Amino acid sequence: MTISWLQAALLGLFACLASMPGLGGTSIGNYTLGRPLVGGLVCGLILGDLRLGIICGLALQVVYIALVTPGGTVSADVRAISYIGIPLAMVAIKSQGIDPLSGNAKSMATSMGTLVGTLGTVLFYGTATLNLVWQHIGWKAIENEDFHKVYLVDWGLPWISHFLFSFIPTLLLCRFGADAVTALKTALPMDGIPMRTLFTVGQLLPCVGIAILLKQIVEKATDFIPFFVGFTLAKSLGLNLVSCTVIAMIFAVIYYELEMIKQRKTVAVDAIDDEEEEDI
Amino acid sequence: MEKKISKKALSRSFHHWYYGNLTCFTQEHMQTFGYLASMLPIVEDLYDNKEDQKRSMNTYTAFFNTEPQIGALVVGITAGLEEARANQSGEVDDETINGLRAGLMGPLAGIGDSLIVGTLIPILLGVSMGLSSGGSPIGAIFYIVVWNLLAYFGMKFAYYKGYELGGKAVEFLVGPVGNSLRKAIGCLGAMVIGAVAASWVPITTAISLKNASGKEYLNLQNQLDGVYPGLLTGVFIVFCWWLMAKKNISPIKVMLLLVVIAFLGVLCGFFNPGLKY
């Protein structure tokens, strides 16, 4: 499997739209096109193997299920994961002859995508730094009462940043990276220690993504309980994700009602306190 | 006559924010230009002379950054404030507007990051991944449709509520209903993530002991599954959580540590992905 110039260019265009801060906007760009699951769909369509694309996207989506970027600090770049990592992983899986439905295909995609995604943060900083130039033009325009230039600065000029830091890197890495990935097959035998480590890393990495999410939810040890209830439903009882969500909903409703009772009580107690103070 | 922002200007302002809140992002002024692009239709609608326009635009040159989707609320609130300023109520000046913006962006970023990015999107993705397992595109399409409808209409709702209610719009988010809702959704999110972890993170060990005649007498993975199915996955996730939450180790360092663990595990035979051509 190779990636043609046209295919690489299309991937490059999607990289421009999907990054954070992308030109597709936040909701459509970063949070839709940038998610690896959607990236897998797009890459699958562009490279002509929809199923493999989705499978690679799924594998990476677990790792990046909670890609929160508080205050603009990024630990991975979505354009690199979804539009460089996924295509290269697809090529690697095909050229190594791995069964797309096997766990090893998932591990391969995870290792490849995570590596590219982490290195890709350099693209994020590149884009954000070049945008400083456009913002400078914007400040001048406001000073000169040329307000409509604000639109050009916000929507137009960043395309130049993205051409340099999204389009070109994606184009070149996809076009030439595919050959390098294919060459890996002869360089590193599958039963050697490096490849076995690579695939094992692919199995372990999603734990980091899940743990990042838990970091936000879990404040005390008992907060782990809902997580492990969901875990047990899926693992021990073998329910699929939609069924688990339905069961989770009833707990959420009960939880909501309980919280409302609690909150109403505190409000009532406050009101009584107020009255008592007035009496005094 | 009292000035009122035209419907068209409000709609343009909202759509400018919806699309352009982060397009010209820098570390120095994250969403400031998105904000300027969004306020410009309002400012032009309310003021005819360049002097007033410039004064108002200058107000919005102050740094702004929050979770952009929930942040539509703040843009809506300032549209309302700008309208009040145009009517010379005298109570609204630069300080009122920027004080409010600065006061809201932190708390709203916290709510938006944890509720939208940290809970709603993962739940949607979790369900979508379930629908897509095996390589079907249905889950991805489901996510695209549902998420974008929620994001567009949610942001629109927040923007117009902000415009109509002003500062009161925030009370819902931090009031009893908002608080209870947040906790309930957090519980739902935790359960779905648990199911995602169980379905998509299979960590297994290859250790098995054989007796002299080659018959297996201990298969560690089966033993572990007998205790609690998915035990190793659970242990690794709690371990990563502990490193990041309790030891303040960055995600990238945790990933590197996992590479080391994988290497050592492969060397001693604990892990073996069973690769072959």
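Residues numbered from 1 in each chain as written. Chains lettered and ligands numbered in written order. Predicted model: local features only at pLDDT ≥ 70, side-chain atom pairs only at ≥ 80, totals over all residues.

1. Notes on the UniProt feature "transmembrane region" (unreviewed entry) in chain B
Residue and element names in this part refer to chain B.
No. 1: Under the UniProt annotation, "transmembrane region" (unreviewed entry) lies at residues 108-131, 137-155, 185-207, 227-244 and 256-275.
No. 2: Helix makes up 100% of residues 108-131 and strand 0%. Its end C-alpha atoms lie 32 Å apart.
No. 3: Secondary structure across residues 137-155 divides into 95% helix and 0% strand, with the first and last C-alpha atoms of the span separated by 27 Å. (UniProt positions renumbered as here; feature names shortened; annotations may be inferred. Helix = DSSP H or I, 4+ residues; strand = E, 2+ residues; numbered from the N terminus.)

2. Some words on the nonpolar core
No. 1: Ranked by internal contacts, the top residues of the largest apolar core, which has 172 residues, are A89, C207, V208 and I210 of chain A together with A195 and V196 of chain B.
No. 2: No other element matches helix α5 (residues 94-132) of chain B, which puts 13 residues into this core.
No. 3: Residues in contact with A195 of chain B, not counting those within four places in the same chain, are G230, F231, L233, A234, L241 and C244 of chain A together with G126 of chain B. (Core = buried A, V, L, I, M, F, W, Y, C linked by C-beta atoms within 7 Å. Buried ≥ 20, exposed ≤ 12 C-beta atoms within 10 Å, placed from the backbone. Contact = placed C-beta atoms within 7 Å.)

3. Some points on the domain arrangement of chain A
No. 1: Per the domain assignment, the segments of chain A are domain 1 (5-217) and domain 2 (219-280).
No. 2: Each of domain 1 of chain A and domain 2 of chain A has a C-alpha centre, and these two points are 37 Å apart. (Domains from an automatic or database assignment.)

4. Some details on helix α9 (residues 158-187) of chain A
No. 1: Over its 30 residues, α9 of chain A extends 40 Å from the first C-alpha to the last, a length consistent with the 44 Å expected when each residue adds 1.5 Å.
No. 2: At G177 of chain A, α9 of chain A shows its largest kink, close to 35 degrees. (Expected span 1.5 Å × (residues − 1). Bend = angle between axes of the 7 residues up to and from the residue.)

5. A word on the domain arrangement of chain B
No. 1: Its domain assignment divides chain B into domain 1 (7-196) and domain 2 (201-267).
No. 2: Placing a centre on the C-alpha atoms of domain 1 of chain B and another on those of domain 2 of chain B gives a separation of 42 Å.

6. Points about the confidence of the model for chain A
No. 1: Averaged over every residue, the pLDDT of chain A is 87; the share at 70 or more is 92%.
No. 2: Within chain A, no element has a lower average pLDDT than helix α13 (residues 241-279) of chain A, which sits at 79, and none a higher one than helix α3 (residues 36-47) of chain A, at 96. (pLDDT = per-residue confidence, 0-100.)

7. What to know about the interface of chain A and chain B
No. 1: Contact with chain A, which involves 98 residues of that partner, is made by 104 residues of chain B.
No. 2: Looking at which element gives the most residues to the side of chain A that touches chain B, the answer is α13 of chain A, with 14 residues.
No. 3: Of the residues contributing to the side of chain A that touches chain B, the split by class is 62 nonpolar, 27 polar and nine charged. (Nonpolar A, V, L, I, M, F, W, Y, C, P; charged D, E, K, R; others polar.)

8. Considering the UniProt feature "transmembrane region" (unreviewed entry) in chain A
Residues and elements named next belong to chain A.
No. 1: Using the residue numbers shown here, the UniProt feature "transmembrane region" (unreviewed entry) corresponds to residues 52-70, 114-137, 157-178, 198-217 and 237-256.
No. 2: When the span residues 157-178 is considered, its composition is 95% helix and 0% strand, and the gap between its end C-alpha atoms is 31 Å.
No. 3: Secondary structure content for residues 237-256 is 80% helix and 0% strand, while the C-alpha to C-alpha distance between its ends is 26 Å.

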